[in-house]
Each structure stands twice: as C-alpha cells, then as structure tokens.
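Listed below, chain by chain, are the residues.
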Amino acid sequence: MQAALSEDVLQDIQFFDRREGYAVGSSGLVLHTQDSGKTWKRETPVPLNCSWSDVHFVDPSCAWAVETHGRVGRYFDPALDPTRVSERETQEAAGLFGEPLQMRNPVRGAATLIYSLPHPAAVHLEIYDLLGRRVRALESGIKGAGTYSILWNLEDDLAHRVPAGTYLCCLRLDGRPFVKKLTVIK
C-alpha cells in the first residue's frame, strides 16, 4: 500500500465485509480493496483535488464524504453501476455460476428472487432503478453452495412502496455481476 500512497495521508477506512473496503485521505485519495486489504487500487474520486476527512459508504458504489473544509461530496464508482454491466460480464457470470438468478416477470405485490450457487461465494443482491440508484439491498454476505429464495416486498430501503416500472436486479457473486430486468406492475 505504500507505493499507492506516496505523500497522501489516510483519514478514514470502511469495510463492507471481510474482503471489500475503501480508504480515503488527502489530495482526493480513494483506495479500494477486494482482498481484505492485501492490495489496494487507487480510485478516481469526485470532486478531485480535495482532502477527505471522513466517509460513509451507502453501498459499495456510492459514498458521501466530508472534505476537510466542511464541504460534502458524493463519490460514485461508475464501474459498479448496474446500468453499465455489459452483456459480456453477465455471460461470464453465467459461465461460472450457470443461470444464477431466476424470477417471475412481471410482478405485482411481491417478487420472489431465487439464486443458486454451485459453490460458496460472496453474495450481494440489490435492486436498482434504471438511473442506477440503489432502491433496495436484499442480501449481502458469504453463502454456501445451495439454492436461496429472497422475497422482495416491492419496498425501497426506507420501506416506501416502489412505483410501477422497470428495475434492475443486480446479483454479484464473488464480485462478478449478473443483472436481470424486473418489471413491477400495479
């Protein structure tokens, strides 16, 4: 990590689980790890050239950070944006995990999302709108091999009913994205 830091000073660090975390610091420094801190990758923050003193990540792709002079900035990692997951990435995930996510479509009232793991994996299952904003976090953690069923009551993280429309179900298995569209009807 020393080579990545040079003259930058770390101010705060946050991990989501045993493997994935971020560190922030001076000169707009944002570092990301997916291997429990063994290696760190420098990210490009927004805004640039500021010093972060504190950070709170809403999810692995979005954070609110406080700059040392009191300004608040939003950091968003476009690489984790489910609206930008390519067909190739989805096919790669399907190649490793089969067709991991199943659901009835369209849905009304509630949606049952079923995913299968041929082997243990780090699982993140989230619902996004078509603008890439997270609507609901449904599952996060290490799961053993098997089939899992998650009931989504069509509410967001604040327990508000979502409007009719199209949503993205983003299942990440060991960091590999698998995205399916889900239509909610009234």
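Quick note: structure is the one above.
Each value, and the rule that gives it
- Residues numbered from 1 in each chain as written.
- Predicted model: local features only at pLDDT ≥ 70, side-chain atom pairs only at ≥ 80, totals over all residues.
- Heavy atoms only, no water.
- Core = buried A, V, L, I, M, F, W, Y, C linked by side-chain atoms within 4.5 Å.
- Buried < 20%, exposed > 50% of the residue type's maximum accessible area, 1.4 Å probe, protein only.
- Helix = DSSP H or I, 4+ residues; strand = E, 2+ residues; numbered from the N terminus.
- Contact = heavy atoms within 4.5 Å.
- Pairing = 2+ DSSP bridges.
- Axes fitted to C-alpha atoms, helices over the stretch in contact; angles between N-to-C directions.
- Polar contact = N/O pair within 3.5 Å; in protein donor to acceptor, adjacent residues only side chain to side chain.
- Disulfide = S-S within 2.5 Å.

**Regarding the nonpolar core**
Within soluble globular proteins, side chains that are nonpolar tend to cluster in buried spots. Formed by 24 residues in total, the largest nonpolar core has its most connected members in Leu101, Leu113, Tyr115, Ile127, Trp152 and Leu171. Where this core is concerned, the elements lending two or more residues are strand E9 (111-117), strand E10 (121-128), strand E11 (134-143), strand E12 (146-152), strand E13 (165-173) and strand E14 (176-184). In this structure, Leu101 is in contact with Leu113, Ile114, Tyr115, Cys169, Leu171, Phe178 and Lys180, ignoring residues within four places of it in sequence.

**Comments concerning the sheet that holds E13**
In space, the four strands of this open sheet follow the order E11-E10-E13-E14, with antiparallel pairing throughout. Lying at the two open borders of the sheet, with one neighbouring strand each, are E11 and E14. Neighbouring strand axes in the sheet, compared pairwise and without regard to direction, differ in orientation by 15 degrees on average. Sheet topology places E13 next to E14; nine bridges connect them, and they run antiparallel. Counterpart to Arg172 in the pairing with E14 is Pro177.

**A look at the side chain of Thr33**
Within the fold, Thr33 resides in strand E3 (residues 30-33). For Thr33, the side chain forms a polar contact with the side chain of Asp35, separated by 2.8 Å. Not counting residues within four places of it along the chain, the set of residues in contact with Thr33 comprises Phe15, Arg19, Glu20, Gly21, Lys38, Thr39 and Trp40.

**What about the state of the cysteines?**
Considering all chains together, one arrives at zero disulfides under this definition. This cysteine, Cys169, is not joined by any disulfide, and Cys170 carries the nearest cysteine sulfur, 9.1 Å off. Of the residues examined, Cys170 reaches a relative accessible area of 1% and is grouped as buried.

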